[in-house]
Amino acid sequence: MSWQKLQADLSDTGYVASDDLAMALFLAVTLGKPLLLEGPAGVGKTQIAKTLAELQATKLIRLQCYEGLDASHAIYEWNYQRQLLSIRASAEEHKPSGEVEDHIFSEKFLLQRPLLEAIRQEKPAVLLIDEIDRADEEFEAYLLEILSDFQITIPEIGTIVATSRPHVILTANGARDLSDALRRRCLYNYVDYPDRGTEMAILAKRCPALEDRLAEQIVGFVQALRKEELEKKPGIAEMLDWAAALAGLGVNDLADDPEQTQATLVCLLKTERDRAAVPKEVQQRLVGKAA
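Residues numbered from 1 in each chain as written. Predicted model: local features only at pLDDT ≥ 70, side-chain atom pairs only at ≥ 80, totals over all residues. Heavy atoms only, no water.

1. Digging into unusual backbone geometry
Okay, step 1: Phi at Ala-57 takes a positive value of approximately 55 degrees, unusual for a residue other than glycine.
Okay, step 2: Counting through the fold element by element, Ala-57 comes out in the loop between α3 (45–56) and β2 (60–64).
Okay, step 3: The exposure class assigned to Ala-57 is exposed, which follows from its relative accessible area of 59%.
Okay, step 4: At Glu-131, a position not held by glycine, the phi torsion is positive, near 55 degrees.
Okay, step 5: Turning to its location among the elements, Glu-131 is positioned in the loop between β5 (126–130) and α8 (137–149). (Helix = DSSP H or I, 4+ residues; strand = E, 2+ residues; numbered from the N terminus. Buried < 20%, exposed > 50% of the residue type's maximum accessible area, 1.4 Å probe, protein only.)

2. So, the side chain of Arg-226
Okay, step 1: With respect to the helices and strands, the residue Arg-226 is situated in the loop between α11 (212–225) and α12 (236–248).
Okay, step 2: Those residues within four positions of Arg-226 in sequence are excluded, and the remaining contacts are Tyr-193, Pro-194, Glu-199, Lys-233, Pro-234, Gly-235 and Ile-236. (Contact = heavy atoms within 4.5 Å.)

3. Describing the domain arrangement of the protein chain
Okay, step 1: As far as domains go, the protein chain holds domain 1 (3–75 + 113–190), domain 2 (78–109) and domain 3 (196–290).
Okay, step 2: Taking only C-alpha atoms into account, the centre of domain 1 sits 32 Å from that of domain 3.
Okay, step 3: With six residues of domain 1 at the interface, the matching set in domain 3 holds eight residues.
Okay, step 4: Together, Gly-14, Val-16 and Gly-42 form the three largest contributors to the area buried by domain 1 at its contact with domain 3, with a combined 65%.
Okay, step 5: On inspection of domain 1 and its partner domain 3, the count reaches zero salt bridges.
Okay, step 6: For the pair domain 1 and domain 3, the number of links is two residue pairs in polar contact (both at pLDDT 80 or more). (Domains from an automatic or database assignment. Buried area = accessible area lost by both parts, 1.4 Å probe. Salt bridge = Lys/Arg side-chain N within 4 Å of Asp/Glu carboxyl O. Polar contact = N/O pair within 3.5 Å; in protein donor to acceptor, adjacent residues only side chain to side chain.)

4. Quick look at the pattern of salt bridges
Okay, step 1: Applying the stated criterion across every chain, the model contains 14 salt bridges.
Okay, step 2: Of the charged contacts in the structure, one is a salt bridge between Arg-226 and Glu-199, with a shortest N-O distance of 2.8 Å. Linking Arg-226 in the loop between α11 and α12 with Glu-199 in helix α10 (residues 196–206), this pair joins segments that are 27 residues apart in sequence.
Okay, step 3: In this structure, the salt-bridge partner of Asp-253 is Arg-213, at a minimum N-O distance of 3.0 Å. Of this pair, Asp-253 sits in the loop between α12 and α13 (258–264) while Arg-213 sits in helix α11; the two residues are 40 residues apart in sequence, bridging distant segments of the chain.

5. What to know about the packing of aromatic side chains
Okay, step 1: Summed over the entire model, instances satisfying the criterion amount to three aromatic pairs.
Okay, step 2: With 6.4 Å between their ring centres and 80 degrees between their planes, Tyr-76 and Trp-78 make a pair best called edge-to-face.
Okay, step 3: We classify Tyr-76 as buried; its relative accessible area is 16%.
Okay, step 4: Residue classification places Trp-78 among the buried residues on the basis of a relative accessible area of 5%. (Phe/Tyr/Trp six-rings, centres within 6.5 Å; stacked < 30°, edge-to-face > 60°.)

6. Overview of the sheet that holds strand β8 (residues 167–172)
Okay, step 1: Taken in spatial order, the five strands of this open sheet run β2-β5-β8-β1-β9, and their pairing is parallel. Whereas interior strands pair on both sides, the edge strands pair on one side only; in this sheet they are β2 and β9 (187–190). Looking at each pair of strands side by side, their axes are set apart by 20 degrees on average, direction ignored.
Okay, step 2: The sheet contact formed by strand β1 (residues 35–38) and β8 spans four bridges and is parallel. Residue pairing for β8: Leu-35 is matched across the bridge by Ile-169. (Pairing = 2+ DSSP bridges. Axes fitted to C-alpha atoms, helices over the stretch in contact; angles between N-to-C directions.)

This is the structure we're talking about:
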């Protein structure tokens, strides 16, 4: 397979990838290297992992990162309740403490979290580590062994080597700087808002029944809206939601019913400040640019 074939396969599933992104994903899959995707929210970073899993006909395992995420939620955890019950039963049977310890710290009592689950799949899974920049810097240290050697060390058991190497995709929205150690272990691509041609292609793939004129207006409006001073610029997902809403309302032209068009901006503007920043006058100015 070539990167152009991968790009075409992605397009067939409805994901329009730039040449740079298609090449980065192709190399990540071919070389078995993690791929770090940075860029604003809503540009399709998470969706590329879902689409890759679909193309590979394999399992998507997702780790959603957040502040305070630790190994017990990301890698593995012991089933403490079952361990306690086993200890009580062993005490009644007067088993030696060493035998009890070996028993309760065995695979039987191990709970797999996303990272451990991903490396123990028979068929290589797609491991999505989503919004890694939301996790604490200390958490990155847990990832280094996995991303470098695809193995996990559990003190009570030893080192578990990957049954298969997952296709790893990490995403970041720029909440904080990532460590050099993490970046060195990954291939990299910056995913930005699409240009007009690419966004038109995305809309055509996802909403093929949309009239050409309305599609051009939608993309033109959204691209102009992103240039306004907003707290949260609308991403591709918001653009698609808006297109579906307009189609569902039977809209053929954004200029036909300004009141209705203004009301539908709930699909694009997700904060009170942004809603206030785009009153009817601004909306009509943007419609004029999109026409």
